[in-house]
Amino acid sequence: MTSDISIRTEGRAGRITLTRPKSLNALSYDMCKAIAAALDAWDTDPSVHLILIDADGDRAFCAGGDIAAIYHQGKAGDYAEARQFWADEYRMNNRLATYAKPIVSFMHGFVMGGGVGVGCHVKHRIVGDTTRIAMPECGIGLVPDVGGTALLAAAPGHLGEYLGLTGARMDAGDAIRAGFADHYIAEAAWDDLKTQLIETGDITALTATLHPAPEASLTLKQDLIDELFSADTLTALFDRLEANSSDFAADTLKSLRHHAPLAMATSMTLIRRQRPTPDLKDALTWEYRCTYRAQEQGDFLEGIRAQVIDKDRTPKWTHASPADLTQAEVDRMIEPLGDHELRF
């Protein structure tokens, strides 16, 4: 057991608490394995009626994965551990989504990347006033993963492309509209709700504390997002943004120009492939093909260097612009992996 996570039973509940607040509860491989082991143990434990997932600290539920270690391994030519981490993490994400017992996630503060994988696939997803959910992977040369493309594909209209490519942050109202959360409850009421769930093991205690969700600002932007992000290709999207005179288009274009073209184009492909029938296992399988290749063939290591290691915020992407990118390069990122394909 790692000190970065607390696994225990209380009353009728299994408790999972992320306990590394100084690192914004970033998810490590050991934490991932601890969650998976707890789910296995509680599955057949008749004393555990439901699972609660939360986190220590005021700033974040989980602000992503522990990517600094992946950078140093990758620069040394060691890709194996990161690939194993992603494979086990994705299997854990699917386990959370398909678990027979009710799981409740209490997502405060930043919920990004790996935090989405832990908190946003369970059956009962609670957000509050501090919640800020995002999938910012394109900014570090990666595709939205941990099943994020399935969530993005299921979002109304073309919100999925907008959220996935820009990494825009969602507050509680936006997260519920986009399908990343279910319930808004004032955070001052969370402790009492947890106590009720622990004491009773009855998930219906949730219904007594639900509050009307805040207005979703994305609702007001939906038509413009659909107009812009329905573009057939990444190049066409940039053309539409450049031609549109709105402040929203200008701000969006500014954001996208900082992100890796290969990651954005691949993300568009994954989201659109999912849209007709979003399926978490399919999403994780396709995402794993990208993350498996990300260190060796993609822009991921350069993205981490620019954002996390050197912090110069000036990544030198493989492609200077979408116009430099070919569809064949995107297709290569999502080709089947043969013997290395993700297995559940």
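Quick look at the structure, then. Residue indices begin from 1 for each chain and proceed along its sequence in written order. Local features in this predicted model are restricted to residues whose pLDDT is 70 or higher, and side-chain atom pairs enter the listing and the counts only when it is 80 or higher, whereas totals over whole chains, interfaces and linings include all residues. Only hydrogens and water are removed before side-chain values are computed, so all heavy atoms of the structure are retained for them.

This part is about the sheet that holds strand β9 (residues 183-184). Pairs of strands are assigned from DSSP output, requiring at least two bridges between the strands. What counts as a helix is a DSSP run of H or I of at least four residues, what counts as a strand is a run of E of at least two, and both are numbered from the N terminus. Spatially, β1-β2-β3-β5-β7-β9 is the arrangement adopted by the 6 strands of the open sheet, whose pairing is mixed. Each edge of the open sheet is held by one strand with a lone partner, namely β1 (5-10) and β9. When strand β2 (residues 13-18) meets strand β3 (residues 50-55), the two strands line up parallel, connected through 6 bridges. Across the sheet, A13 pairs through a bridge with L50, a residue of β3.

What follows deals with the pairing of β2. Burial here depends on accessible area, computed with a 1.4 Å probe over protein chains only, as a share of the maximum for the residue type. Under 20% is buried, over 50% is exposed, and the range in between is partly exposed. The buried fraction of β2 amounts to 6 of the 6 residues, a majority that puts the element mostly inside the structure. Residues A13, R15 and T17 point to one face of β2 and G14, I16 and L18 to the other, with burial holding for every one of them. Of the pairings in the sheet, the one linking β1 to β2 comprises 6 bridges and is antiparallel in character. Residue pairing in the sheet places I7 in a bridge with I16 of β2. Counted between consecutive antiparallel strands, the loop separating β1 from β2 contains 2 residues, among which G11 sits at a positive phi close to 55 degrees. When the strands point away from the viewer and the connection leading from the first strand across the helix to the second strand turns clockwise, the crossover is called right-handed. At this point the chain moves from β2, through helix α1 (residues 29-43), to the parallel β3, and the crossover so formed is right-handed.

Take the nonpolar core next. Side chains of a nonpolar character, in soluble globular proteins, are inclined to be buried together. What we call a nonpolar core is a set of buried Ala, Val, Leu, Ile, Met, Phe, Trp, Tyr and Cys residues that are connected through their side-chain atoms within 4.5 Å. Core analysis: the biggest nonpolar cluster contains 98 residues, and I53, I133, L163, F180 and F300 have the highest contact counts within it. With near-sequence residues (within four places) excluded, I133 lies in contact with M107, V111, V116, C120, V127, A168, R169, M170, A175 and F180. Formed by 13 residues, the second largest nonpolar core is a distinct cluster that contains A13, L52, W190 and I198. Pairs of residues are marked as contacts when any of their non-hydrogen atoms sit within 4.5 Å.

Here N93 lies in helix α3 (residues 80-98). Under this definition, polar contacts are N or O atom pairs within 3.5 Å; protein pairs additionally need one hydrogen-donor-capable and one acceptor-capable atom, and for neighbouring residues in sequence, both atoms have to be side-chain atoms. Among the polar contacts listed, one links the side chain of N93 to the backbone oxygen of G117, at a separation of 3.2 Å. Beyond its immediate stretch of four places on either side in the chain, N93 contacts G117, V118, H121, V146, L280 and L284.

Any link to function would need more than the numbers given here.
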